[in-house]
Amino acid sequence: DEFRKGVYYFEEKDYARAISFLDDAIYLDPANMEAKYYAGICYLQLKSPARALQLLESVEKSGKIENKPMFFYWIGLAAYYDQQFFRAQEYLARF
């Protein structure tokens with residue numbers, strides 16, 4: 001399915017290709033927090049921190065951040081690159 005293909009390309013570090021599949025997975029299932037998590041990291045890697053932050057904040061609000069030890073690193077980095085330095089500091093302090 002779209003999510004598995006997206007994760008495959010994510011693991012291959014082909015973030016642009018991963019995004020196309022992950023965005024489709026999110027469109028098909030807006031509650032898919034795993035797809036949003038991976039897509040958020042991809043957008044960050046592709047220098048789109050605002051979109052990355054939007055997706056990762058959605059994951060945080062869902063409460064589905066267990067088993068993601070790097071979550072606050074990624075969301076903190078997204079906030080930092082989006083020039084939201086106070087929020088970045090808060091997130092990174094939780095990492």
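Attention here is on the structure that accompanies the text.

Parameters and conventions
- Residues numbered from 1 in each chain as written.
- Predicted model: local features only at pLDDT ≥ 70, side-chain atom pairs only at ≥ 80, totals over all residues.
- Heavy atoms only, no water.
- Helix = DSSP H or I, 4+ residues; strand = E, 2+ residues; numbered from the N terminus.
- Rg over C-alpha atoms; globule rule 2.2 N^0.38 Å.
- Contact = heavy atoms within 4.5 Å.
- Lys, Arg positive; Asp, Glu negative; His and termini not counted.
- Charge placed at Lys NZ, Arg CZ, Asp CG, Glu CD.
- Buried < 20%, exposed > 50% of the residue type's maximum accessible area, 1.4 Å probe, protein only.
- Salt bridge = Lys/Arg side-chain N within 4 Å of Asp/Glu carboxyl O.
- Polar contact = N/O pair within 3.5 Å; in protein donor to acceptor, adjacent residues only side chain to side chain.

**Some words on the overall build of the protein**
Next up, step 1: Check the secondary structure of the protein and you find six helices and zero strands.
Next up, step 2: Listed N to C, the secondary structure of the protein is α-α-α-α-α-α in terms of helices and strands.
Next up, step 3: By the compact-globule yardstick of 12 Å for 95 residues, the protein fits well, its C-alpha radius of gyration being 12 Å.
Next up, step 4: With the principal axes as the frame, the protein shows a C-alpha extent of 35 × 25 × 20 Å.
Next up, step 5: The long-range fraction of contacts in the protein, counting pairs at least 24 apart against all pairs at least 6 apart in sequence, stands at 43%.
Next up, step 6: For the protein, the separation between the mean place of its 12 positive charges and that of its 14 negative charges on side chains is 1 Å.

**Some points on the environment of Leu-55**
Next up, step 1: If you trace the backbone, Leu-55 turns up in helix H4 (residues 49–62).
Next up, step 2: Not counting the four nearest positions on each side in its chain, Leu-55 is found in contact with Ile-26, Lys-36, Ala-39, Gly-40 and Tyr-43.

**A closer look at helix H5 (residues 71–81)**
Next up, step 1: The buried fraction of H5 amounts to eight of the 11 residues, a majority that puts the element mostly inside the structure.
Next up, step 2: In this structure, the buried side of H5 is in contact with helix H3 (33–45), H4 and helix H6 (85–93).
Next up, step 3: Of the residues trailing H5, Gln-83 is marked for its positive phi of about 60 degrees.

**Here we look at the side chain of Glu-57**
Next up, step 1: Its location among the elements puts Glu-57 in helix H4.
Next up, step 2: Classification of Glu-57 by relative accessible area gives buried; the value is 14%.
Next up, step 3: Those residues in contact with Glu-57 that sit more than four places away from it in its chain are Ile-75, Arg-87 and Tyr-91.

**Remarks on the pattern of salt bridges**
Next up, step 1: In this structure the tally under the stated criterion is five salt bridges.
Next up, step 2: Between Arg-17 and Asp-14 there is a salt bridge; the shortest N-O distance is 3.8 Å.
Next up, step 3: Among the residues examined, Arg-17 registers a relative accessible area of 42% and is labelled partly exposed.
Next up, step 4: With a shortest N-O distance of 2.4 Å, Glu-34 and Lys-68 are connected by a salt bridge. With Glu-34 in helix H3 and Lys-68 in the loop between H4 and H5, this residue pair connects regions lying 34 residues apart in the sequence.
Next up, step 5: Residue classification places Lys-68 among the buried residues on the basis of a relative accessible area of 11%.

**Focus: the side chain of Lys-36**
Next up, step 1: Tracing the backbone shows Lys-36 in helix H3.
Next up, step 2: At 8.2 Å, Asp-29 is the nearest oppositely charged side chain to Lys-36, a buried residue that forms no salt bridge.
Next up, step 3: Only 3.2 Å separates the side chain of Lys-36 from the side chain of Ser-58, close enough to count as a polar contact.
Next up, step 4: For Lys-36, the residues in contact, after removing those within four places along its chain, are Ile-26, Pro-30, Leu-55, Ser-58 and Val-59.

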